[in-house]
Amino acid sequence: MSAPPRRLDVPHPDTVFDAGWLALRRPADTAARADRLNRLAHDWLCSRVGRPLRLIDLGSGSGANPHYLAPRLPGPQHWQLVDHDPALLELAQGSCGALCDGDGRQVGVDTLLRALHMLAEDDFAGSDLVSASALIDLVDEGWLVRFADACADAGCAVLITLSVDGHWAIDDGEAADPDDAFVRTAFNAHQQRHKGAGAGDGAVRTSGPALGARAAPRLATLLEAQGYRVTLADSPWLLHTDDAGQRALAAALLDGWRGAAAEQCPHAAARIEAWHARRQLALARDSTRIEVGHFDLYAEPGVRT
């Protein structure tokens, strides 16, 4: 990855997440993860012990990803948390400082305040694993290409979790709502707008459209071309409205889907509002279930082709 000037631009609003949202989604993220990929990462890192393992977490937010991974991976571990939000980075550093690895040793933690598009080609040098959660669906093709190249140059493993796959479904025990497909299509199109989280070119940031649901399969293809052995796994959220926390997350999702669909299709605002009202009524039933599809991806270096 080329190194643009070391400054932070104002991030696109679609790439800014507050601590409340991150806390709300955290239990669903934890339940959804594909545990077999953790085991693959564990085994890879076990082959590299003998020195502190260098682990990099991109878009760390409040630190949920290291919180989940650290006790499931061998040590000793040293984490570098990377994010463009200084308040979240401070929160993450404080909470992750007490973490222990799978062998019971306290992990080391430092932070790097940096936007995604400002990552340099040597930032992963010496790393054993680069991880991220709910991140790569925000970036463009150019960023993903440079990311795959940088990981291959570093010879590190890659663990990218909870990337949207474009599927969601609401089951309230009744016939499917006729506008679910319309709102889902509009939302997925909105996910692939320009979000400013991709390539940086000099003082002017340029970005292609975000990859959205195409991100994880595309990264798999890019890493395989670099000789990586890649495993993709489904990691869906399975939400039940008889649980108060999951109902709150489902309500936030409905609001987000409505807002994105209305931005994408302003001519259909009334239709989208009517859909939202019907689906809010569905959330009032304890028997409603919502599935939101995601991919987890794990890759480790093999023989380059």
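Below you will find a few notes about this structure. Given the structure is predicted, the values throughout are model-derived calculations rather than measurements. (Residues numbered from 1 in each chain as written. Predicted model: local features only at pLDDT ≥ 70, side-chain atom pairs only at ≥ 80, totals over all residues. Heavy atoms only, no water.)

**Some points on the pairing of strand S10 (residues 289-301)**
Each regular strand displays side chains that alternate between the two surfaces of the sheet.
Alright, step 1. The buried count for S10 comes to 11 of 13 residues, which makes it a mostly enclosed element.
Alright, step 2. The pairing of strand S5 (residues 157-171) with S10 spans nine bridges and is antiparallel. Considered in S10, the bridge of Ser163 is made with Phe295.
Alright, step 3. Across seven bridges, the pairing between strand S8 (residues 228-234) and S10 is antiparallel. Residue pairing for S10: Leu232 is matched across the bridge by Leu297. (Buried < 20%, exposed > 50% of the residue type's maximum accessible area, 1.4 Å probe, protein only. Helix = DSSP H or I, 4+ residues; strand = E, 2+ residues; numbered from the N terminus. Pairing = 2+ DSSP bridges.)

**Concerning the environment of Ile272**
Alright, step 1. One can find Ile272 in helix H9 (residues 269-283).
Alright, step 2. A sequence separation of 10 residues divides Ile272 from Ala262, and the C-alpha atoms of the two residues are 6.7 Å apart.
Alright, step 3. When sequence neighbours within four positions are dropped, the list of residues in contact with Ile272 reads Phe182, Arg258, Ala261, Ala262 and Cys265. (Contact = heavy atoms within 4.5 Å.)

**Side note on the pairing of strand S3 (residues 108-113)**
Alright, step 1. In this structure, strand S2 (residues 77-83) lies alongside S3, joined through six bridges in parallel fashion. Each bridged residue has a counterpart across the sheet, and for Gln80 the counterpart in S3 is Asp110.
Alright, step 2. At this point the chain moves from S2, through helix H4 (residues 86-96), to the parallel S3, and the crossover so formed is right-handed. (Right-handed = clockwise from strand over helix to strand, strands pointing away.)

**Some thoughts on the pattern of salt bridges**
Alright, step 1. Taken as a whole, this structure holds 19 salt bridges when the rule is applied.
Alright, step 2. Between Asp29 and Arg25 there is a salt bridge, with its nearest N and O atoms 2.8 Å apart. Of the two residues, Asp29 and Arg25 are both situated in helix H1 (residues 19-32); the distance of four residues between them amounts to about one turn of the helix.
Alright, step 3. A residue is classified by how much of its surface remains accessible, and Asp29, at 10% relative accessible area, is buried.
Alright, step 4. On the basis of relative accessible area, Arg25 is assigned to the buried category, the value being 11%.
Alright, step 5. Its salt-bridge partner being Asp123, residue Arg114 comes within 2.5 Å of it at the nearest N-O pair.
Alright, step 6. Overall, Arg114 belongs to the buried group, its relative accessible area being 14%.
Alright, step 7. A relative accessible area of 14% places Asp123 in the buried class. (Salt bridge = Lys/Arg side-chain N within 4 Å of Asp/Glu carboxyl O.)

**Quick look at the environment of Arg229**
Alright, step 1. Within the element layout of this structure, Arg229 appears in strand S8.
Alright, step 2. A sequence separation of 71 residues divides Arg229 from Glu300, and the C-alpha atoms of the two residues are 5.5 Å apart.
Alright, step 3. Setting aside its immediate chain neighbours within four residues, Arg229 contacts Tyr298, Ala299, Glu300, Pro301 and Gly302.
Alright, step 4. A polar contact of 2.8 Å, which involves the side chain of Arg229, links it to the side chain of Glu300.
Alright, step 5. Separated by 3.2 Å, the side chain of Arg229 and the backbone oxygen of Pro301 make a polar contact. (Polar contact = N/O pair within 3.5 Å; in protein donor to acceptor, adjacent residues only side chain to side chain.)

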